[in-house]
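Residue-level structural notes
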Amino acid sequence: MSAPSFTPLSDNFAVAPQLAPEDMAALAAAGFKSVINNRPDFEGGADQPAADTIGEAARAAGLNYVHQPVNGANIQAGDVATFAQQLDTLPGPILAFCRSGARSTRLYQLAISQR
């Protein structure tokens, strides 16, 4: 079981493209403690795994899981504030994902720039 591809942005945070329920155990084995899903359900169509299904798999693997859907083309101040709160309260290391990883990267950059 190998962990899905991810990009570290700090010692305690990484981003990844779309993940599936079957990726959660590998993420836990790789040392992650929390997962943030920034993708709205079915944004990519019916083949995209549902947030609830990913969350069940994450919790079964011992991970903390948060579904914070964000419109990547229209990130709001409230989205950034919520993301920053997750960074401050979830156990790390944290992995956030979206379609490509770009939206989660942008949220992270905006959140840490406000500290």
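Preceding this paragraph is the structure being described.
Now for a look at the structure at hand. Given the structure is predicted, the values throughout are model-derived calculations rather than measurements.

**Considerations on the overall build of the chain**
If you tally the helices and strands in the chain, you get four helices and five strands. Start at the N end of the chain and walk to the C end: the helices and strands fall as β-β-α-β-α-β-α-β-α. Within the chain, the fraction of its 115 residues that count as buried is 43%. A separation of at least 24 residues holds for 75% of the contacts in the chain among residues at least 6 apart in sequence. Split by element, the accessible area of the chain, about 5,700 Å² in all, is 47% carbon and sulfur. Here the chain holds 7 positive side-chain charges and 10 negative ones, and the gap between their average locations is 7 Å.

**Points about the pattern of salt bridges**
For the structure on display, the rule yields two salt bridges. With a shortest N-O distance of 2.6 Å, arginine 39 and glutamate 43 are connected by a salt bridge. On the accessibility criterion, arginine 39 (7% relative accessible area) is buried. Given a relative accessible area of 37%, glutamate 43 falls into the partly exposed group. We note a salt bridge from glutamate 43 to arginine 103, for which the minimum N-O separation is 2.9 Å. Of this pair, glutamate 43 sits in the loop between β3 (34-37) and α2 (51-60) while arginine 103 sits in helix α4 (residues 102-113), and the two are 60 residues apart along the sequence.

**So, the packing of aromatic side chains**
Under the counting rule described, the total for this entry stands at three aromatic pairs. The interplanar angle of 85° and the centroid separation of 5.9 Å between the aromatic rings of phenylalanine 13 and phenylalanine 83 together place this pair among those described as edge-to-face. In this pair, phenylalanine 13 sits in strand β2 (residues 13-16) while phenylalanine 83 sits in helix α3 (residues 77-89), placing the two residues 70 residues apart along the sequence. With respect to burial, phenylalanine 13 and phenylalanine 83 carry one shared label: buried.

**Quick word on the packing of α3 against α4**
At their nearest, the axes of α3 and α4 sit 9 Å apart, and the two run at 80° to each other. Between α3 and α4, the angle is such that the two are roughly perpendicular. Contacts between α3 and α4 involve Asp79, Val80, Phe83, Ala84 and Leu87 on the former and, on the latter, Ser104, Leu107, Tyr108, Leu110, Ala111 and Ile112. In the contact of α3 with α4, the residues fall into nine nonpolar, one polar and one charged.

**Re the sheet that holds strand β1 (residues 7-10)**
Within the open sheet, the five strands sit side by side as β1-β2-β5-β3-β4. Their pairing is mixed. The open sheet is flanked by β1 and β4 (64-67), the only strands paired with a single partner. Across this sheet, the average inter-strand angle for adjacent strands is 20°, counted without regard to direction. Each of β3, β4 and β5 (94-97) is contacted by α2, which is oriented at about 165° to β4, the strand it contacts most. Packed on one face of the sheet, α4 meets β1, β2 and β5 and runs near 155° to β2.

Basis of the calculations
Residues numbered from 1 in each chain as written. Predicted model: local features only at pLDDT ≥ 70, side-chain atom pairs only at ≥ 80, totals over all residues. Heavy atoms only, no water. Helix = DSSP H or I, 4+ residues; strand = E, 2+ residues; numbered from the N terminus. Buried < 20%, exposed > 50% of the residue type's maximum accessible area, 1.4 Å probe, protein only. Contact = heavy atoms within 4.5 Å. Areas by Shrake-Rupley, 256 points an atom, 1.4 Å probe, with all protein chains shown as cover. Lys, Arg positive; Asp, Glu negative; His and termini not counted. Charge placed at Lys NZ, Arg CZ, Asp CG, Glu CD. Salt bridge = Lys/Arg side-chain N within 4 Å of Asp/Glu carboxyl O. Phe/Tyr/Trp six-rings, centres within 6.5 Å; stacked < 30°, edge-to-face > 60°. Axes fitted to C-alpha atoms, helices over the stretch in contact; angles between N-to-C directions. Parallel < 35°, antiparallel > 145°, perpendicular 65-115°, else oblique. Nonpolar A, V, L, I, M, F, W, Y, C, P; charged D, E, K, R; others polar. Pairing = 2+ DSSP bridges.

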